[in-house]
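The lines below spell out each chain.
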Amino acid sequence: CATPPPPTPAATWSGRLVLSLASDPPQRFSAVFELEGTAQAGVLRLFGPLGAQAAEVRWSPTGAWLDRGDGQPAPYPDLAALTADLIGAAVPVTAVLDWLAGRPHPLPGWEVDLSEQPQGRLRARRLTPAPEADLRLLWH
Amino acid sequence: QSDGLQSLELFLAQVQQGRATFTQTVSAPARSGEATRRTRSSRGEFIFLRPDRFRFHYTHPFEQLIVADGQTLWLYDPDLNQVTARAQAAALAQTPASALAAAADLRAVREAFELREGQPRDGLLWVELTPRARDTQVQQVRIGFEQAELRALEIRDGFGQISLLRFGPLQRTSHLSAADFRFSPPPGAEVLRP
């Protein structure tokens, strides 16, 4: 029988992310982030410009949770629903983990540029469905 | 014997402008299986001009600029060449920076924060400020003084994270003017006004 694929190693990334939405009016969400974990389970921490933590996202095989520091993490069925609620676009965090590691992870409607991944930069654009979303990540 | 509250009052009344370098250490609670708190540090320069102008220019580990020019709060990220501009009044009301640099006097600070004398610690006299508005990311702010000299700004958020800014010697004869707080987005920068 086929041996199960080795679990992707839990990685930790920290840097800055900006998500721009070509909505009307246009929106932008930017934050310093710490991302840790695998597709199965992990945590994403988002910080404001002066260092105060703004939100914490956790996911596991049973669901995803958004904590805004008020002590009542809000449950979501999955990460896509959570990120759509948090920043207006269903960002596939598990795909982002692959992109950060330089592993291609094609997604329908998304155009991903990993050419600068070795320099700690990546850009992913969701062309469909509208509004267009432009996700940029910088890490060190 | 001057205490923290008196130091803050003196600082707000006597120090109308200033320039200082700062180092910032952000420490998060140790997670299960970790011995110590995780820390991140950054540094830069802080200038301010009462009553409503300041600038945090982070230089390490990456450059970030936060400028309050009196009307607008500008956030500029040179690596991403992106600028976010917000009306200063709304954006700043509860922030620690406003208590420190953009408040005309103690009464103005009291409008946004409940004030209490803090415990002396690390050789400093502290004031504890609790934001009156509940929905802020900031749970508590502490400002530390050494003989009415600003030395530290400590910010606690809802995740148990503590951000401590330690200021170098405050240069007061810096003749700052409004021009030092003007910011215009560089050519080609993406500007957003949420």
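Let me sum up the structure you'll find in this document. (Residues numbered from 1 in each chain as written. Chains lettered and ligands numbered in written order. Predicted model: local features only at pLDDT ≥ 70, side-chain atom pairs only at ≥ 80, totals over all residues. Heavy atoms only, no water.)

### What about the sheet that holds strand 9 (residues 138-146) of chain B?
Residues and elements named next belong to chain B. The cut-off we apply is this: Between any two strands, pairing holds if DSSP finds at least two bridges. A run of H or I in DSSP counts as a helix once it spans at least four residues, and a run of E counts as a strand once it spans at least two, with each numbered from the N terminus. Think of each axis as a best-fit line through the C-alpha atoms, taken over the contacting stretch in the case of a helix, with angles from 0 to 180 degrees between the N-to-C directions.
Taken in spatial order, the twelve strands line up as 7-8-9-10-11-1-2-3-4-5-6-12 in an open sheet, and their pairing is mixed. Bordering the open sheet on either side are strand 7 (113-117) and strand 12 (190-192), each of which pairs with just one other strand. The sheet shows a mean angle of 20° between the axes of neighbouring strands, taken without regard to direction. Where strand 5 (residues 72-77) and strand 6 (residues 82-87) come together, six bridges link them in antiparallel fashion.

### Some remarks on the pattern of salt bridges
Put simply, the rule reads: Whenever a carboxyl oxygen of Asp or Glu lies within 4 Å of a side-chain nitrogen of Lys or Arg, that contact is scored as a salt bridge. Accessible area is worked out with a 1.4 Å probe on protein chains only. A residue is then buried under 20% of its type maximum, exposed over 50%, and partly exposed in between.
For the structure shown, the criterion picks out 25 salt bridges over all chains. Taking the shortest distance from any N to any O, the salt bridge between Arg-16 of chain A and Asp-77 of chain B comes out at 2.6 Å. A residue pair is termed interchain when its members come from two chains, as with Arg-16 of chain A in strand 1 (residues 11-21) and Asp-77 of chain B in strand 5. Here Asp-77 of chain B falls in the buried class, since its relative accessible area comes to 8%. The salt bridge involving Arg-121 of chain A is made with Glu-116 of chain A; its shortest N-O contact spans 3.8 Å. On the basis of relative accessible area, Arg-121 of chain A is assigned to the partly exposed category, the value being 28%. One connected set of salt bridges, linked through shared partners, spans Arg-116, Arg-121, Asp-122, Glu-128, Arg-142, Glu-154, Arg-156 and Arg-166 of chain B.

### Quick notes on the interface of chain B and chain A
What counts, and what does not: The criterion used for residue contact is that any of the two residues' heavy atoms lie within 4.5 Å. Accessible area, probed at 1.4 Å, shrinks when two parts are joined; the buried area is that loss added up over both. Nitrogen and oxygen atoms within 3.5 Å of one another constitute a polar contact, given that in protein one can donate a hydrogen and the other can accept it, and given that sequence-neighbouring residues count only through two side-chain atoms. Under the scheme applied, nonpolar residues are Ala, Val, Leu, Ile, Met, Phe, Trp, Tyr, Cys and Pro; charged residues are Asp, Glu, Lys and Arg; polar residues are all the others, including Gly.
On the side of chain A, 26 residues touch chain B, which itself brings 28 residues to the contact. Around 2500 Å² of area is buried between chain B and chain A when both sides are counted, 54% of it from carbon and sulfur atoms. Its salt-bridge partner being Arg-16 of chain A, residue Asp-79 of chain B comes within 2.8 Å of it at the nearest N-O pair. Counting across the chain B and chain A interface gives nine residue pairs in polar contact (both at pLDDT 80 or more). Of all the elements in the fold, those that place two or more residues in the side of chain B that touches chain A are strand 1 (17-28), strand 2 (38-49), strand 3 (53-60), strand 4 (64-68), strand 5, strand 6 and strand 12 of chain B. Its residues assigned to classes, the side of chain B that touches chain A shows twelve nonpolar, eight polar and eight charged.

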